[in-house]
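# Inside the fold
Here is what each chain is made of, one letter per residue.
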Amino acid sequence: MEINIKRFEELSTTELYEILRCRAEVFVVEQNCPYQDLDMADMHSTHVYIEDNGRIKSYLRVIDPGIKYPSAASIGRVLTMREYRGAGLTHLLMDEAIKIARSMSPRIEIEAQSYLCDFYKSLGFVEASGEFMLDGIPHLSMTME
């Protein structure tokens, strides 16, 4: 299974369209959460995804330090399409994302949906805040040093 790793400017319009389609399907439609997805961070991110015949199975982005957090890289928009969940794809992408983020900064910060806290802890993240609402969904700030 090949993991694709591309900076924003390396993405084709077709790849970008597929990424945005998947993000809308999972975060807006499935989670019933209208939010501003296009936040300008994509242009300062490394996009990491697994695809099959042009269709994304799992995706995330690693945001450069100084964009979302002053001195830390960030990982976000982590998703696996419904039909591929439970196959370990998110773990594969997160392992790769952590390597990429560590090459940018010794510190990684994320805003994790609260129900995924144990998953992120299993990767080495620790809670850095109490629960807060973000776009109507409970989240926690988490860090990895």
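What you see is a predicted model, and the numbers here were worked out from it, not measured in a lab.

Within the protein, the secondary structure is distributed over three helices and eight strands. Order of helices (α) and strands (β) in the protein, N terminus to C terminus: β-α-β-β-β-α-β-α-β-β-β. The proportion of buried residues among the 145 residues of the protein is 45%. The long-range fraction of contacts in the protein, counting pairs at least 24 apart against all pairs at least 6 apart in sequence, stands at 59%. Mean positive and mean negative side-chain charge positions of the protein (15 and 23 charges, respectively) differ by 1 Å.

So, on to the layout of surface pockets. In this model, the largest pocket occupies a volume close to 820 Å³. If you trace the largest pocket, you find 39 residues lining it, with F27, R77, V78, Q113 and L116 closest to the centre. Sorting the residues of the lining of the largest pocket by element identifies α1 (13–30), β3 (55–63), β4 (73–80), α2 (89–104), β5 (108–113), α3 (117–122) and β8 (137–144) as the ones contributing at least two each. By residue number, the principal contributor to the lining of the largest pocket is β4, which donates seven residues. Tallied by class, residues from the lining of the largest pocket come to 20 nonpolar, 11 polar and eight charged.

This part takes up the pattern of salt bridges. Inspection of the entire model under this criterion finds 14 salt bridges. E30 serves as the salt-bridge partner of R85, at 2.7 Å between the closest nitrogen and oxygen. Linking R85 in the loop between β4 and α2 with E30 in helix α1, this pair joins segments that are 55 residues apart in sequence. Of the residues examined, E30 reaches a relative accessible area of 30% and is grouped as partly exposed. Taken together, the shared-partner salt bridges connect R23, D39, D42, R61 and R77 into one network.

Note that an α-helix has 3.6 residues per turn; residues three or four places apart therefore point the same way. Across its 18 residues, α1 extends 24 Å between first and last C-alpha, which sits within 8% of the 26 Å expected from 1.5 Å per residue. Where α1 bends most, at A24, the angle is about 30°. Listed as buried for α1 are E15, E18, I19, C22, R23, V26 and F27. Against the buried residues of α1 lie β1 (4–7), β2 (45–52), β3, β4 and β5. Following α1 by one or two positions, N32 adopts a phi angle in the positive range, close to 50°.

Attention now moves to the UniProt feature "domain: N-acetyltransferase" (unreviewed entry) in the protein. Under the present numbering, the feature "domain: N-acetyltransferase" (unreviewed entry) in UniProt falls on residues 6–145. Taken as a whole, residues 6–145 contains 29% helix and 33% strand, while its terminal C-alpha atoms sit 24 Å from one another.

Inspection of every chain in the model, using the stated rule, returns two aromatic pairs. Centroid distance F119 to Y120: 5.1 Å. Interplanar angle 70°. Geometry classified as edge-to-face. When sorted by exposure, F119 lands in the same class as Y120, which is buried. With centroids separated by 6.0 Å and ring planes inclined at 90°, the aromatic side chains of Y120 and F125 adopt a geometry described as edge-to-face.

The general pattern is negative phi for most residues beyond glycine and trans for most peptide bonds. Within the chain, M40 stands out as a residue other than glycine whose phi angle is a positive 75°. Considering the arrangement of structural elements, one finds M40 in the loop between α1 and β2. In this structure, R77 takes a positive phi of about 55° despite not being glycine. Positionally, R77 belongs in strand β4. The class for R77 is buried, based on a relative accessible area of 18%.

What counts and how
Residues numbered from 1 in each chain as written. Predicted model: local features only at pLDDT ≥ 70, side-chain atom pairs only at ≥ 80, totals over all residues. Heavy atoms only, no water. Helix = DSSP H or I, 4+ residues; strand = E, 2+ residues; numbered from the N terminus. Buried < 20%, exposed > 50% of the residue type's maximum accessible area, 1.4 Å probe, protein only. Contact = heavy atoms within 4.5 Å. Lys, Arg positive; Asp, Glu negative; His and termini not counted. Charge placed at Lys NZ, Arg CZ, Asp CG, Glu CD. 1 Å grid on protein atoms, 1.4 Å probe; cavity = no way out; pocket = protein on both sides within 12 Å on 5 of 7 lines; lining within 4 Å. Points joined across faces, edges and corners; volume = space filled by probe spheres on them. Nonpolar A, V, L, I, M, F, W, Y, C, P; charged D, E, K, R; others polar. Salt bridge = Lys/Arg side-chain N within 4 Å of Asp/Glu carboxyl O. Expected span 1.5 Å × (residues − 1). Bend = angle between axes of the 7 residues up to and from the residue. UniProt positions renumbered as here; feature names shortened; annotations may be inferred. Phe/Tyr/Trp six-rings, centres within 6.5 Å; stacked < 30°, edge-to-face > 60°.

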